[in-house]
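Next come the chains, spelled out residue by residue.
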Amino acid sequence: MPRLILLRHGQSQWNLENRFTGWVDVDLTAEGEAQARKGGELIAQAGFNPTVMLTSVLKRATRTGALALDAAGLKDVPVVEDWRLNERHYGGLTGLDKAETAAKHGEDQVKIWRRSYDIPPPPLAPGGEWDFAGDPRYAGKAIPDTESLKTTLDRVLPYWNEAIAPRLKAGEDVLIAAHGNSLRAIVKHLFAVPDDRIVAVEIPTGNPLEIDLDADLTPAAARYLDAARATELPPLPGHAS
């Protein structure tokens, strides 16, 4: 039975500053680094020994994964980065202070942009400070100018089918160090979470989510390794909610 661990990156500088981050490559705070190391210690205690770590191209995720592997004594695990595991693109909200944005547009509108399943924020204007079109990491890629959780899933799911599922079906254990929304997309897919319920699913930072999968990659069991900081998980497929 393959095991999958999802690890959301630790606190970033813009998390601390309460800004919409999305694809901006912001580093971890000291607290975020500590959260990543704690996640690694929990991974070691669980006896988890992945054959690979998959992560996004953003440093807050790559560094979280690296710190966790180091803390777990798993320094030789190969690492594969892919932009499709990036955080959701926040479009025209990128870089803005969340409280100031709510004061300007109204809390209800900002809640729709942040929490609705399929309504994205306004698109990012081309040529601005946060225009990623010239970033060499995305050369030749059809990158978005805004995303909802739905369109985030639309880019994560092909990567799941192409690069993650085959490893798990071959019996490999896999660690994914990524972001709140790209990991929620994976959780939605695996647990068959309805559109109107995925918006309420929270994945805590630095708390590894272990998922035991059957041969069809359906979750057979799931738990957060730090039970004291666990959030409610969706019901396992085939179980009553």
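Residues numbered from 1 in each chain as written. Predicted model: local features only at pLDDT ≥ 70, side-chain atom pairs only at ≥ 80, totals over all residues. Heavy atoms only, no water.

### Considering the side chain of T55
(1) Moving on: Considering the arrangement of structural elements, one finds T55 in strand 2 (residues 52-55).
(2) Moving on: With residues near it in sequence (within four places) discarded, T55 still touches A61, T62, V79, V80, E81, D82, L85 and A177. (Helix = DSSP H or I, 4+ residues; strand = E, 2+ residues; numbered from the N terminus. Contact = heavy atoms within 4.5 Å.)

### Some remarks on the pairing of strand 2
(1) Moving on: Burial of the side chains of strand 2 extends over both faces: V52 and L54 are buried on one face and M53 and T55 on the other.
(2) Moving on: Pairing analysis gives 4 bridges linking strand 2 to strand 4 (residues 174-178), with the strands arranged parallel. Directly across from L54, in strand 4, lies its bridge partner I176.
(3) Moving on: By the bridge criterion, 3 bridges tie strand 2 to strand 3 (residues 79-81) in an arrangement that is parallel. When the bridges of strand 3 are listed, T55 appears paired with E81.
(4) Moving on: Following the backbone out of strand 2, through helix 3 (residues 59-71) and into the adjacent parallel strand 3, one traces a crossover that is right-handed. (Buried < 20%, exposed > 50% of the residue type's maximum accessible area, 1.4 Å probe, protein only. Pairing = 2+ DSSP bridges. Right-handed = clockwise from strand over helix to strand, strands pointing away.)

### Focus: the packing of helix 4 (residues 98-105) against helix 5 (residues 107-115)
(1) Moving on: The N-to-C vectors of helix 4 and helix 5 enclose an angle of 120°; their axes lie 6 Å apart at closest approach. For the element pair helix 4 / helix 5, the angle class is oblique. From helix 4, K98, T101, A102 and H105 reach across to helix 5, where they touch E107, Q109, V110, W113 and R114.
(2) Moving on: Broken down by class, the residue content of the contact of helix 4 with helix 5 amounts to 3 nonpolar, 3 polar and 3 charged. (Axes fitted to C-alpha atoms, helices over the stretch in contact; angles between N-to-C directions. Parallel < 35°, antiparallel > 145°, perpendicular 65-115°, else oblique. Nonpolar A, V, L, I, M, F, W, Y, C, P; charged D, E, K, R; others polar.)

### Some words on the side chain of S116
(1) Moving on: Looking at the element boundaries, S116 is found in the loop between helix 5 and helix 6 (149-169).
(2) Moving on: Accessibility expressed as a relative area gives 17% for S116, which makes it buried.
(3) Moving on: Within the local environment of S116, its side chain forms a polar contact with the backbone oxygen of I112, the two atoms lying 2.6 Å apart.
(4) Moving on: A polar atom in the side chain of S116 sits 3.2 Å from the backbone oxygen of I119.
(5) Moving on: Beyond its immediate stretch of four places on either side in the chain, S116 contacts K111 and V199. (Polar contact = N/O pair within 3.5 Å; in protein donor to acceptor, adjacent residues only side chain to side chain.)

### A closer look at the nonpolar core
(1) Moving on: L4, L6, W160, I176 and I186 are the most contacted members of the largest nonpolar core, which totals 34 residues.
(2) Moving on: Those elements giving two or more residues to this core turn out to be strand 1 (3-8), strand 2, helix 6, strand 4, helix 7 (180-191) and strand 5 (209-213).
(3) Moving on: Ranked by the residues each element gives to this core, the list is headed by helix 6, at 9 residues.
(4) Moving on: Listed in part, the 14 residues of the second largest apolar core include A68, L69, L74 and L175. (Core = buried A, V, L, I, M, F, W, Y, C linked by side-chain atoms within 4.5 Å.)

### So, the sheet that holds strand 4
(1) Moving on: Ordered by their spatial adjacency, 6 strands build an open sheet running 3-2-4-1-5-6, and the pairing between neighbours is mixed. In this open sheet, the two edge strands, each paired with only one partner strand, are strand 3 and strand 6 (219-224). If you compare each strand with its neighbour and ignore which way they point, the axes differ by 20° on average.
(2) Moving on: In the sheet, strand 5 pairs with strand 6 via 5 bridges, with the strands oriented antiparallel. When the bridges of strand 6 are listed, D212 appears paired with A221.
(3) Moving on: Against the sheet, helix 3 engages strand 1, strand 2, strand 3 and strand 4, with an angle of about 155° to strand 2.

### With respect to the environment of E202
(1) Moving on: Looking at the element boundaries, E202 is found in the loop between helix 8 (195-198) and strand 5.
(2) Moving on: For E202, a relative accessible area of 33% gives the class partly exposed.
(3) Moving on: In sequence terms E202 and E232 are 30 residues apart; their C-alpha atoms lie 7.9 Å from each other.
(4) Moving on: The residues contacting E202, other than those within four sequence positions of it, are R8, R115, Y224 and T231.

### Some thoughts on unusual backbone geometry
Backbone geometry follows two general trends: most residues other than glycine have a negative phi, and most peptide bonds adopt the trans configuration.
(1) Moving on: Of note, A192 is a non-glycine position whose phi angle comes to about 50°, a positive value.
(2) Moving on: Of note in this structure, L217 is not a glycine but carries a positive phi near 65°.
(3) Moving on: Relative to the elements of secondary structure, L217 occurs in the loop between strand 5 and strand 6.

### Re the packing of aromatic side chains
(1) Moving on: Applying the stated rule across the entire model yields 6 aromatic pairs.
(2) Moving on: When the ring of F20 is compared with that of Y90, the centres are 5.3 Å apart and the planes differ by 50°; the resulting orientation is tilted. Here the residue F20 occupies a position in the loop between helix 1 (13-17) and helix 2 (30-45), and Y90 occupies one in the loop between strand 3 and helix 4, the gap between them amounting to 70 residues. No difference in accessibility class separates F20 from Y90, as the two residues are buried. (Phe/Tyr/Trp six-rings, centres within 6.5 Å; stacked < 30°, edge-to-face > 60°.)

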